[in-house]
Amino acid sequence: MYPAEFAYVRPTGLDGVFAAIERYADDVKVVAGGQSLLPMMKLRLATPGVLVDLAGAGELRGQWSTTDGVRVGAMTTYRELQRSPRTLDLLPGLEETLALIADPQVRARGTIGGAVAHGDPTADLPAMLLALEAVVLLASPRGIRRRPLDEFFTGVYSTDLAEDEVVLAIDIPQPPPGTGAAYQKYEQPASHLALCGVAAALTIGGGRVHRARLAMTGVAATPRRLTALEEALTGTQVNAKAFDEIAVTAVHGVEPLDDMHASAAYRLQLLKLATREALQIAASRAGAGWAA
Ligand SMILES: Cc1cc2nc3c(=O)[nH]c(=O)nc-3n(C[C@H](O)[C@H](O)[C@H](O)COP(=O)(O)OP(=O)(O)OC[C@H]3O[C@@H](n4cnc5c(N)ncnc54)[C@H](O)[C@@H]3O)c2cc1C
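Residues numbered from 1 in each chain as written. Predicted model: local features only at pLDDT ≥ 70, side-chain atom pairs only at ≥ 80, totals over all residues.

Structural notes on the site of the ligand
As a matter of local geometry, the ligand sits amid 33 residues, with Gly-33, Gln-35, Gly-110, Gly-113 and Gly-114 nearest to it. When residues of the shell around the ligand are traced back to their parent elements, those giving at least two are strand 2 (28–31), helix 2 (37–42), helix 6 (104–109), helix 7 (112–117) and strand 10 (166–173). Ranked by the residues each element gives to the shell around the ligand, the list is headed by helix 7, at four residues. (Near = placed C-beta within 6 Å. Helix = DSSP H or I, 4+ residues; strand = E, 2+ residues; numbered from the N terminus.)

Rendered as structure tokens:
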């Protein structure tokens, strides 16, 4: 399948990107790695008249230390992140999540900004970014605003991004000492997209959970935090029986997707299973003596 005819521009710098977005207004789409947008254009699910390539905007590239963690530019590819030991050392769980995304070709082109802006309910990286409490930086000619990632996704392929905004960067705080993280994914075998993915970041001390951050993807309309589960876990003793009982809480309030890839009931089963596994692995990585 070929996409509908479109024009292509590659402005230099963010101001050039903003000017192009304003000029072509309703008929424009920005493109980053093109790993989601181009397939959608080939299927004619997206038919922008003009593609504005973000590759010429140097402001969107790079990784910087912040007072509490790391800022990752939106055009940073999955592979660039995989090759950043400094960032990976600070952010447990990231390396494992990146390795489970698609294949080397997709990881070489796909970007962190695209993964977030696309609003795909099955994307992997947003789940781990939610568990790490990431914040999205959105830039427009009006300035820069910060939006916690757990307030950014609004529905299937829908986000809080305004028409004149681009994702500039993602701020990811370093979790407290004693945090272990894990990402467990059950995937659709052809696309590798998640039928269910659960990211867990557990901070453990004295045999108890001090802080729990969990998020899921692939199950509902958006990747989202599992806040009821986080609350149930806080203060809990670290042992298999307690975790197994609490993992059931993951499904509370979840309205599962039901489609040709998996039924709603199956997705909820996977959610309980992936949650239990992610909790166990995160706890053992946090250094808690895991009592099976
Ligand atoms: C074969 C295949 C397998 C895949 N498997 C997986 C998988 O297992 N797990 C997974 O998570 N993903 C998977 N993907 C999707 C992949 O991760 C995408 O690359 C990613 O979701 C989008 O990143 P991108 O840079 O390619 O964005 P693009 O495709 O360029 O853009 C996607 C959307 O985001 C917008 N956008 C991009 N960047 C910005 C920005 N900075 N500011 C504002 N808007 C922006 C675009 O306008 C577009 O609407 C797969 C893709 C393919 C082709």
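Some remarks on the sheet that holds strand 12 (residues 194–205)
With antiparallel pairing, the four strands of this open sheet are ordered in space as 11-12-13-14. Strands at the two margins of the open sheet, each flanked by one partner only, are strand 11 (179–187) and strand 14 (224–225). Here strand 12 pairs with strand 13 (residues 208–217) via nine bridges, running antiparallel. Following the sheet pairing, Ala-199 is matched in strand 13 by Ala-215. (Pairing = 2+ DSSP bridges.)

A word on the sheet that holds strand 2
Here three strands make up an open sheet; going across it, the order is 1-3-2 and the pairing parallel. On the outer flanks of this sheet lie strand 1 (7–9) and strand 2, each paired with one strand and no other. Strand after strand, the sheet turns through a mean of 25° between neighbouring axes, direction not considered. Two strands pair when backbone bridges link them, and strand 2 and strand 3 (residues 50–53) are joined in this way by four bridges, in the parallel orientation. When the sheet's bridge partners are listed, Val-30 is paired in strand 3 with Val-52. (Axes fitted to C-alpha atoms, helices over the stretch in contact; angles between N-to-C directions.)

Quick word on helix 11 (residues 264–285)
When the terminal C-alpha atoms of helix 11 are compared, their 31 Å separation across 22 residues agrees well with the 32 Å that a helix rising 1.5 Å per residue should span. Gly-287 lies just past helix 11 and shows a positive phi near 90°. (Expected span 1.5 Å × (residues − 1).)

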